[in-house]
Each structure stands twice: as structure tokens, then as C-alpha cells.
Amino acid sequence: EAGVTQFPSHSVIEKGQTVTLRCDPISGHDNLYWYRRVMGKEIKFLLHFVKESKQDESGMPNNRFLAERTGGTYSTLKVQPAELEDSGVYFCASSQGAGRLYNSPLHFGNGTRLTVT
Amino acid sequence: AQSVTQLGSHVSVSEGALVLLRCNYSSSVPPYLFWYVQYPNQGLQLLLKYTTGATLVKGINGFEAEFKKSETSFHLTKPSAHMSDAAEYFCAVSEGTAGNKLTFGGGTRVLVKP
């Protein structure tokens, strides 16, 4: 089975520009998560989709970040306008829906490394 | 609120020596605990997890971890390091009802010397 796929793997943009990150979860996984690791810091939760609905977006840093998951398949995370502090690695992860947590392991993508200059 | 502390951002071990990575957590409810590994240019891969039951948990690649509630610890060990164990390791905690909303530690990068 194909794993979680993220595009692009790297992105370098200037401050003030817009960037859109894409995540394709494992087919059939209802749960989709975005995490971020800013340089030198911990990996932090951004938000959680269940199918197309935002279940928890408490980790989104501010309104420059917009996540969507139209049709409950792939997801996009848009940063507009990008700031220097947005640089980091953005991870997407997915897991199957229903059931208890320990029966639904989290599968991570390889991440998108975003550099804002 | 939950938090995770990993002691040592970098650890160097000799091939064949014991690997010990320390993780302490805080949680207001019974925690679910995880160790993930990230190899270069790859995503995070689950090594092992503790949810309930037996406190000594065995994972992939010969790793194991022990949940000690009294010490709020979940240290990761491997008896004999292999060159392929060179990677970054992350300890994480979640509240069981919070699904896969994980709180991660800062990570420990392991270097294995021949």
C-alpha cells in the first residue's frame, strides 16, 4: 500500500509570498493530521481532520494558515503571507477512522521542508 | 496540559553497546506513550507504544521501553546498538481520548560509532 505522500519535499519562498503544501493520506484513512517542526524545536500539532471536517485546529498558529480537505481525501495547508518564523518541516500523518487509538497507528509522510527567506 | 522531556539532544554510542534514551512526561490523565524514529530524509516511524497493560513494551528493531508511573518515565533501550540505529528518536504522549493528537519531546539524535 502507498504511504502518506507530501508535496513538495522542499520549498523556498520569500517573506510575504504564498505557499501551498499538499498531503495525500493512505487510501481509506479518515483521520489526517498536520504537524510542524520549527528549527530546533519540538514537533507540534497543528490540526486534525476527520474526513473533510476539522476535528481540532487548536494548534494552528494564526490566521495566515489555512488547511482544507475537500472531499475527505487529500489535504492542503496554505500559508499566506509567509513569515520568516514559518520556516520548518511540515509533517502530515494519517490513521484509520473508528476504533481505539492503539488500533489506529499514525503513519507519517516524509515532510515538506519550508524555508522562508 | 501535557509535556515531554527528552534528556540529551545528542547521544553517541559504540556499536554493540547499550542504547538508552530518556523520556519523562507529564500528563493530567493516564497517558498513552510512544517512541518514534526518523531516519534521514524519511518520515517518522512508530517504534513502540504503551497504552494499557504490561508496562514493558517491546517494539521493532530490538527496542523496548518501560512505563514507570511513579517516575513518570518511558525510557527507550536496546541492548546492542547497530550502525543502522543512527537516527533521531522522539518520545510522545497523548491523552487517550485525544486520538492521535501527540505532544512530542525535542528529539534525541543517536550517533553510532564503529
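Residues numbered from 1 in each chain as written. Chains lettered and ligands numbered in written order. Predicted model: local features only at pLDDT ≥ 70, side-chain atom pairs only at ≥ 80, totals over all residues. Heavy atoms only, no water.

**Looking at the sheet that holds strand β8 (residues 73–78) of chain B**
Residue and element names in this part refer to chain B. Here is the rule we go by: Criterion used throughout: strands pair if DSSP finds at least two bridges between them. Helix and strand assignments follow DSSP, with helices taken as H or I runs no shorter than four residues and strands as E runs no shorter than two, numbered in order from the N terminus. Only C-alpha atoms enter the line fits that serve as axes; for helices the fit covers just the stretch in contact. Angles between N-to-C directions range over 0 to 180 degrees.
The strand order across the open sheet formed by five strands is β1-β3-β8-β7-β6, and the pairing between neighbours is antiparallel. In this open sheet, the two edge strands, each paired with only one partner strand, are β1 (3–7) and β6 (56–58). For this sheet, the mean inter-axis angle between neighbouring strands, taken without regard to orientation, is 20°. In terms of strand pairing, strand β7 (residues 64–68) meets β8 through five bridges, oriented antiparallel.

**What to know about the pairing of strand β4 (residues 31–37) of chain A**
Residue and element names in this part refer to chain A. The cut-off we apply is this: Exposure classes here rest on a 1.4 Å probe applied to the protein chains alone. A residue is buried below 20% of its type maximum, exposed above 50%, and partly exposed in between.
Counted residue by residue, β4 has seven buried out of seven residues, so it is predominantly covered. The two faces of β4 match: Asn-31, Tyr-33, Tyr-35 and Arg-37 on one face and Leu-32, Trp-34 and Arg-36 on the other face are all buried. Sheet topology note: the β4/strand β5 (residues 43–50) ladder contains seven bridges and is antiparallel. Note on β5: the bridge partner recorded for Asn-31 is Val-50. Hairpin connection, β4 to β5: the antiparallel pair is bridged by five residues, and Gly-40 has positive phi, about 80°. Both β4 and strand β9 (residues 88–95) contribute to a ladder of seven bridges, which runs antiparallel. If you follow Arg-37 over to β9, its bridge partner there is Val-89.

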